[in-house]
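Descriptive structure summary
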Amino acid sequence: MGNSERWLIEVTGTVQGVGFRPFVYRTAHELGLAGLVRNTPEGVTIEAQGTPERLYQFVEKLNSDHPPLAQIQCLDHSPISIQPGIAFTIVESHQGDGNLTPAISPDIATCDDCLRELISEEDRRHSYAFTNCTNCGPRYTIIEGFPYDRSKTSMKDFIMCQACRSEYDNPSDRRFHAQPNACPSCGPQLNIPIDEALACIAQGNIVAIKGLGGFHLACDATNDEAVKRLRRRKRRDMKPFAIMVRDLDAAVEICHISDEEAHLLTSPQRPIVLLKKRDNIPIAESVAPDNKCLGVMLPYTPLHHLFFGRSPLFLVMTSANFSEEPIISDNNEATSRLADVADTFLYHNRPIHMRTDDSVIRPVGRHNILMRRARGYVPSPVPLPFKGPNVLALGGDIKNAICITNGSNAYLSQHIGDLANIETHSHFEDVIEHLCNLLKVEPEVIACDMHRDYYSTQYANRRISEQLYSIQHHHAHIASCMAENGLANQKVIGIALDGAGYGPDGTIWGGEILRADYEDFERLARIKPVMQPGGDLAAREPWRMAVAYLRELSAKTILNDIPENEIDLVEQAMEKDINCPLTSSLGRLFDAVAAILGIATHNAFEGHAAMLLEQVADDKNNSLYSWRVGAGSSSTAPLDQRRRPRADLLFINIDFQPTIQEIVQDSIGSVKISNISAKFHNTVVAAFAEVVKMIGGDEPVCLSGGCMQNAWLLLGLTKSLEAQGRTVYTHDLVPPNDGGLALGQAAIAIWRNR
Ligand code: ZN
Ligand code: ZN
Ligand code: FE
C-alpha cells in the first residue's frame, strides 16, 4: 500500500438519521478502505484511507449512491496524514459531545426494499404490517425524546428478537440502528386480521384504521351510501374527504396527473395531492361534493399496502376527528370517541407519541401550494439566512402551527388545528413541549399575533420568563415568505391577501400591500374597508358580506336565497354600527361575490365559498371589471412603545365597489357565472399589480396569505408582476395560509431582538 493516501471528507446536509453512516461504512468496505465515519454538529465527517483511485471512486459513490433520504449540501475532501490500521469503523457519537444537531427525520413512506420483503412469501417479514428500515418508517410520530434511540421511542417496550437485534447491530445491514426495527415475532401486532376489516368495508361499513400519526376513518370511496353514512356520523357536510388509492395507475384512472404530480404522489413524503377529477369515474360524488378536484394519496405504511394488495379498492381515508379538533391517535380514545362512527377498529399496540395529520399539497404550475404541512415534512427545518436567539413563535388561532428556532434553523411544527376548540389546547401545549424537548431548545424569545383574543396570544402572555413580541398578522405572513426564500433583511413589497388578521388600527386587515423587512413594515395600500356585519360570523356566512358590499347599490334583492327580514337585520346593524367592524379582507370580498352569484351563501368550512368561486371560473376569459384607486388614511397606533409613533398614514385604497356593481349587472343580465368569476379574478390580479406599479421602486415582491392558495391569484399575480420586471417570491415549503404564520413571527422576533 505504498501509494496510500488518507482523506478527510466533510459532508453537510441531511445526513443524520437517514442511514448515511451505514452506507458510508458499506461503501468503504466494498472498496477496501480503512478509516472511520462519525456524526458532527454540521453533518458527517469521514476519514478514508486507500489508493487515490479508490478514494476518488469512494467520493463519487458518496455523491451518487447515497440513501434516498440523505441530501448532500456540500462534500469537501482534503489530504491528512496516514494512520495505521486497516479497519473502517463507525465512531459512535456520545450524548455529551457538545451541541450535536438533533437529526430527527420525518415519517417516511415504506421503501421499495421493505415492500419487496412484505410481499415475498420467503421473507420472515412477509405480510408484516410494521416492516421498516433506516430508509423508511415512523420517526417523528414515535420519538419521545432526544437523543433518538429506541429507549426514547414508543418502540421501547418491544424487545428485539435475535434476528432483529443482529440486523440492528450490523453496520452493513439496511436496518443498522433502525430504531423502529421489528418483525412478526418481536414487534407490534394488529388487533384483528386485515381481512376482517376489508370485509367490513366491502359491506359498506366504516373502519377506523390506525396509521402513522393518528386514526383514519375508511370506507369504500365508490359506495355513495357508505360515504354519506360517514358524513352523517362524522358530522361533516361538505368538506371534501381525501381518498387513498392502490397505486399510481389507480390514481391515473380517476384524475388527470402530470409528471410533477405523479412525482409528488410517489414521493417518500406521500402527501395528499389535490388533483383534477376525470369525468365518469367510479368515485362517489359525495366524496368531494361540487368539487372539481380530489385529494388523493398513495399507501404509505405496510398496513396500507397489505390492505390494497388484497382488494382493488379506492378508500376514503379521512382523519378521525370531529370538526377542527386534533386527529385521534390513542387506541382507547378511538374506541370510546369513535364508538358511534366506526363499525370496526383496526389498530395495533405501537403507541403514537406525536399525533400528526396527512399533509396536503396543491400543485399549481411550477408551484407547490402546501395547504397543510404535517406528516412527511415535519420536523424538517427551514434554513434561515441568519442566526438569532431561540424563538418560540405561536402562530395564529386558525390552522395553528408553532415554530421553534435553533441557531439558523426554523422548525415549523405540524398542523395543530384550530385553537377555537378547547380540545386543541392541550395538543398545542404538547407540541410546544415535545418540539422544545426534541430540539433541546429553551426559548429565550416568544412571538405571537397582535390579536389579544387569540388563545395563542393569551398563552404567550402567561409565559413570563421570555421576552415577548406581538407581531402584526400580515407582516408575519410576508416575513414567512421572505424567510422561506432565504431573503436577508431587505425591503420587499409584500402582498398579503388573506381572510382576517388583526390590524393595529383596530380594523380587520386582509387585502394589504406592505413595504416590509423583518423588523418593521408600512402599509402602502389596502382594499377599501367595508363593514363586516356580525364580525366573525360573517366569515361563516358570506351572504352578510354581500349585504355589506351591496349597501350602496340597493341591490339586495339579488340575494334571493336569504330571507328578507334577515337582510334587514344586517342592514340595521350596519346603520347602527353594531358589531360591524371594518375589514379590508380579500377573503371577505370573495365571500361577497360568491354569495351575490348564489354559489355559496354559507361557508361549510374555511375558504369554502372562495374555493367554489375559483373552481367555476372559465380560464379562457381574460376580460376585466372596473375598479378605482384613491387615497385613504387612518390613525394607526404605534406598533409598540419603543417604536416611533405612527400618526395619520396615507395609503392607497383599492376600491372594488365598481367591480361589485358590474358583477350585479352581469348577474342580472344572465352572463354565465363562469365568466363573471373569471372576470372577477382577473380584476383582483390587475388591481393589485397596477397598484404595485404605482408604488414604483424595484424591490422584490413577496406573495402570502390564505388567498394565495387560489391558483388563479397566485399564477396571475406572479405573471403580471414578473412582466413588470419584479422578482416575485412565493411559498413552496411552508403554507401561505396561517399554517405558515409562525415562521414569519419567528424571523421578525429574531430581528427585533437584535
Ligand atoms: Zn424500508
Ligand atoms: Zn424480531
Ligand atoms: Fe392569515
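Refer to the structure presented above.
Residues numbered from 1 in each chain as written. Chains lettered and ligands numbered in written order. Predicted model: local features only at pLDDT ≥ 70, side-chain atom pairs only at ≥ 80, totals over all residues. Heavy atoms only, no water.

As a further point, take the overall build of the chain. In terms of regular secondary structure, the chain is built from 22 helices and 30 strands. The C-alpha radius of gyration computed for the chain amounts to 27 Å, which stays within 12% of the reference 27 Å derived for 754 residues, consistent with globular compactness. With respect to the three principal axes, the spread of C-alpha positions in the chain is 90 × 65 × 50 Å. The buried share of the chain, taken over its 754 residues, is 61%. Of all intrachain contacts in the chain linking residues separated by at least 6 positions in sequence, the fraction that spans at least 24 positions is 72%. (Helix = DSSP H or I, 4+ residues; strand = E, 2+ residues; numbered from the N terminus. Rg over C-alpha atoms; globule rule 2.2 N^0.38 Å. Buried < 20%, exposed > 50% of the residue type's maximum accessible area, 1.4 Å probe, protein only. Contact = heavy atoms within 4.5 Å.)

Running from N to C, helix H17 (residues 586-596) and helix H20 (residues 673-695) cross one another at 160 degrees; their axes reach a closest spacing of 12 Å. The pairing of H17 with H20 is recorded here as roughly antiparallel in orientation. The handedness of the crossing between H17 and H20 is right-handed. Residues Leu586, Leu589, Phe590 and Val593 of H17 pack against Phe680, His681 and Val684 of H20. Each residue belonging to the contact of H17 with H20 can be placed in one class, and the counts come to six nonpolar, one polar and no charged. (Axes fitted to C-alpha atoms, helices over the stretch in contact; angles between N-to-C directions. Parallel < 35°, antiparallel > 145°, perpendicular 65-115°, else oblique. Left-handed = near helix turned anticlockwise from the far one by under 90°. Nonpolar A, V, L, I, M, F, W, Y, C, P; charged D, E, K, R; others polar.)

Our focus in this paragraph is the coordination of the zinc ion (ligand 1). Cys111 (SG), Cys114 (SG), Cys133 (SG) and Cys136 (SG) make up the full set of protein donors to the zinc ion (ligand 1), lying at 2.3 Å. Of note, the donors binding the zinc ion (ligand 1) are all from one chain and are spaced C-x2-C-x18-C-x2-C. Remark: Cys136 occurs in the loop between helix H3 (112-119) and helix H4 (162-169) and Cys111 occurs in the loop between strand S5 (88-90) and H3; sequence separation between them is 25 residues. Judged by its relative accessible area of 13%, Cys111 falls in the buried class. Classification of Cys136 as buried rests on a relative accessible area of 1%. (Donors = N, O, S within 2.8 Å, 3.2 Å for Na, K, Ca; no water.)

Time to look at H3. Cys114, Glu117 and Leu118 are the residues of H3 that are buried. Buried residues of H3 fall within an arc of 105 degrees about the axis and therefore sit on the same side. In H3, the exposed positions that point more than 90 degrees away from the buried face belong to Asp112, Arg116 and Ile119. Tucked inside the fold, the buried residues of H3 contact helix H9 (302-309). (Arc of directions from axis to C-beta.)

The textbook angles at a metal center are 109.5 degrees for a tetrahedron of four donors and 90 or 180 degrees for an octahedron of six. Bound to the iron ion (ligand 3) on the protein side are His473 (NE2), His477 (NE2), Asp498 (OD), Asp498 (OD) and Asp738 (OD), at distances that span 2.0 to 2.7 Å. Read N to C, the donor residues that coordinate the iron ion (ligand 3) are spaced as H-x3-H-x20-D-x239-D. Here His473 pairs with His477, and both are found in helix H13 (residues 473-484), just four residues apart, close to one helical turn. Look at His473 and you get buried, because its relative accessible area is 0%.

With that settled, consider the sheet that holds strand S17 (residues 391-393). Strand order across the open sheet formed by six strands is S16-S19-S18-S17-S20-S21, with mixed pairing between neighbours. The open sheet has two free edges, formed respectively by strand S16 (382-383) and strand S21 (467-471), since each of these has just one partner strand. When strand S18 (residues 403-406) meets strand S19 (residues 409-412), the two strands line up antiparallel, connected through four bridges. Looking at the pairing, Asn406 lines up with Asn409 of S19. Here helix H12 (residues 455-462) sits on the sheet and contacts strand S20 (445-449) and S21; the angle it forms with S20, its principal contact strand, is near 155 degrees. Taken strand by strand, helix H22 (residues 741-752) contacts S16, S17, S18, S19, S20 and S21, and its axis lies near 125 degrees from that of S21. (Pairing = 2+ DSSP bridges.)

So, about the environment of Ser413. Along the polypeptide, Ser413 turns up in the loop between S19 and helix H11 (422-439). Given the relative accessible area of 1%, Ser413 is considered buried. For Ser413 and Ser380, which are 33 residues apart along the polypeptide, the C-alpha to C-alpha distance reads 9.2 Å. The residues touching Ser413, leaving out its near neighbours within four places in the chain, are Arg373, Val378, Ala401, Ile402, Val431 and Leu435.

The pairing of strands in a sheet comes from backbone hydrogen bonds and takes either a parallel or an antiparallel form. Across the sheet, which stays open at both edges, the five strands sit in the order S4-S1-S3-S2-S5 with mixed pairing between neighbours. In the strand order of this sheet, the two ends are held by strand S4 (71-80) and S5, each with one partner. Going from strand to strand, the sheet's axes swing by 15 degrees on average, the running direction of each strand aside. One ladder, built from nine bridges, connects strand S1 (residues 5-14) with S4; its direction is antiparallel. Counterpart to Gly13 in the pairing with S4 is Ile72. Across the face of the sheet, helix H1 (residues 20-30) comes into contact with S1, strand S2 (34-39), strand S3 (43-50), S4 and S5 while running at roughly 170 degrees to S5. Where helix H2 (residues 52-64) meets the sheet, it contacts S1, S3 and S4, and its direction lies at approximately 5 degrees from that of S1.

Following the criterion strictly, the structure yields 11 aromatic pairs and no others. When the ring of Phe428 is compared with that of Tyr459, the centres are 5.2 Å apart and the planes differ by 80 degrees; the resulting orientation is edge-to-face. Of this pair, Phe428 sits in helix H11 while Tyr459 sits in helix H12; the two residues are 31 residues apart in sequence, bridging distant segments of the chain. The same class applies to Phe428 and to Tyr459, which are both buried. An aromatic cluster of at least three residues, connected via ring pairs, comprises Phe386, Tyr518 and Trp751. Directly above the aromatic system of Tyr300 lies the positively charged group of Arg375, at a separation of 3.5 Å from the ring centroid. A cation over an aromatic ring shows up here: Arg523 above the ring of Trp509, its NZ or CZ 3.7 Å from the ring centre. (Phe/Tyr/Trp six-rings, centres within 6.5 Å; stacked < 30°, edge-to-face > 60°. Lys NZ or Arg CZ within 6 Å of the ring centre and 35° of its normal.)

Attention now goes to the pairing of strand S24 (residues 521-527). Within S24, six of the seven residues are buried, which leaves the element mostly enclosed by the surrounding structure. Judged from the five bridges that link them, strand S23 (residues 508-516) and S24 form a sheet pairing that is antiparallel. What sits directly across from Arg515, in S24, is Glu522.

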